[in-house]
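# Structural overview
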Amino acid sequence: QVQLVESGGGLVQPGGSLTLSCAASGRTFSSYGAGWFRQPPGKDREFVAAISGSGGTTYYANSVKGRFTISRDNAKNTVYLQMNSLKAEDTAVYYCAAVVAGIATTANGYNFWGQGTQVTVSS
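Just so we're clear, the structure is a prediction, and the values are computed from it rather than from any experiment. (Residues numbered from 1 in each chain as written. Predicted model: local features only at pLDDT ≥ 70, side-chain atom pairs only at ≥ 80, totals over all residues. Heavy atoms only, no water.)

## Let's talk about the environment of Glu46
One can find Glu46 in strand E5 (residues 46–51). Put simply, Glu46 and Gln118 are 72 residues apart on the chain and 15 Å apart in space, counted from C-alpha to C-alpha. Setting aside residues up to four positions removed in sequence, Glu46 forms contacts with Phe37, Arg38 and Pro40. Side-chain polar atoms of Glu46 contact the side chain of Arg38, separated by 2.6 Å. (Helix = DSSP H or I, 4+ residues; strand = E, 2+ residues; numbered from the N terminus. Contact = heavy atoms within 4.5 Å. Polar contact = N/O pair within 3.5 Å; in protein donor to acceptor, adjacent residues only side chain to side chain.)

## Observations regarding the nonpolar core
Where a protein is soluble and globular, its nonpolar side chains tend to be buried together. In terms of nonpolar packing, the biggest core is built from 36 residues, with Leu4, Trp36, Leu81, Met83 and Tyr94 touching the most fellow members. For this core, the elements supplying multiple residues, two or more each, are strand E3 (18–24), strand E4 (33–39), E5, strand E7 (68–73), strand E8 (78–83), strand E9 (92–99) and strand E11 (117–121). Considering every element that reaches this core, the biggest residue donor is E9, with six residues. If sequence neighbours within four positions are ignored, Leu81 has contacts with Leu18, Thr19, Leu20, Trp36, Val48, Ala49, Phe68, Thr69, Ile70 and Tyr94. (Core = buried A, V, L, I, M, F, W, Y, C linked by side-chain atoms within 4.5 Å. Buried < 20%, exposed > 50% of the residue type's maximum accessible area, 1.4 Å probe, protein only.)

## Thoughts on the packing of aromatic side chains
A full pass over the atoms with the stated rule returns six aromatic pairs. Positioned above the aromatic ring of Tyr95 is the side chain of Arg45, whose terminal nitrogen or guanidinium carbon lies 3.8 Å from the ring centre. Of note, Arg45 hangs over the ring of Trp113, and the distance from its end group to the ring centre comes to 4.8 Å. (Phe/Tyr/Trp six-rings, centres within 6.5 Å; stacked < 30°, edge-to-face > 60°. Lys NZ or Arg CZ within 6 Å of the ring centre and 35° of its normal.)

## Section: the state of the cysteines
Within the structure shown, the criterion is met by one disulfide. Across the disulfide, Cys22 is cross-linked to Cys96 (sulfur-sulfur distance 2.1 Å). On the sign convention where negative is left-handed, the bridge of Cys22 and Cys96, at about -80° about the S-S bond, is left-handed. Of this pair, Cys22 sits in strand E3 while Cys96 is found in strand E9, placing the two residues 74 residues apart along the sequence. No difference in accessibility class separates Cys22 from Cys96, as the two residues are buried. (Disulfide = S-S within 2.5 Å.)

## Let's talk about the sheet that holds strand E1 (residues 4–7)
Pairing is antiparallel across the open sheet formed by four strands, whose spatial order is E1-E3-E8-E7. With one partner strand each, in any of the chains shown, E1 and E7 form the two edges of the open sheet. Within this sheet the neighbouring strands show an average axis-to-axis angle of 15°, counted without direction. Relative to E8, E7 is paired through six bridges, and the arrangement is antiparallel. Counterpart to Thr69 in the pairing with E8 is Gln82. (Pairing = 2+ DSSP bridges. Axes fitted to C-alpha atoms, helices over the stretch in contact; angles between N-to-C directions.)

Below is the structure:
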């Protein structure tokens, strides 16, 4: 069982940056793939980025490629999402998720979810 807690959300101006963190419980977190998803107001949850357990493989949604970076520190059981050049359309609740093995880019591929953190991009 893995418990995930996101932090780092908030209000940021367009063009600004924000880093989200996802702290995981469990001693074997390095064997879990992890991902970030988001749910904009009134819309479905969508894939943002994913990273393998070792950190050697990453995937990004086209809408964030070149602006967002997913990374992880397995010594700290933490996954990060560095978000740069933020746009109003990045406004959403951001969720961290973990998968027992491998890596996934769809929500139904994940076993565990955090509660989410709000990111609002507005001037």
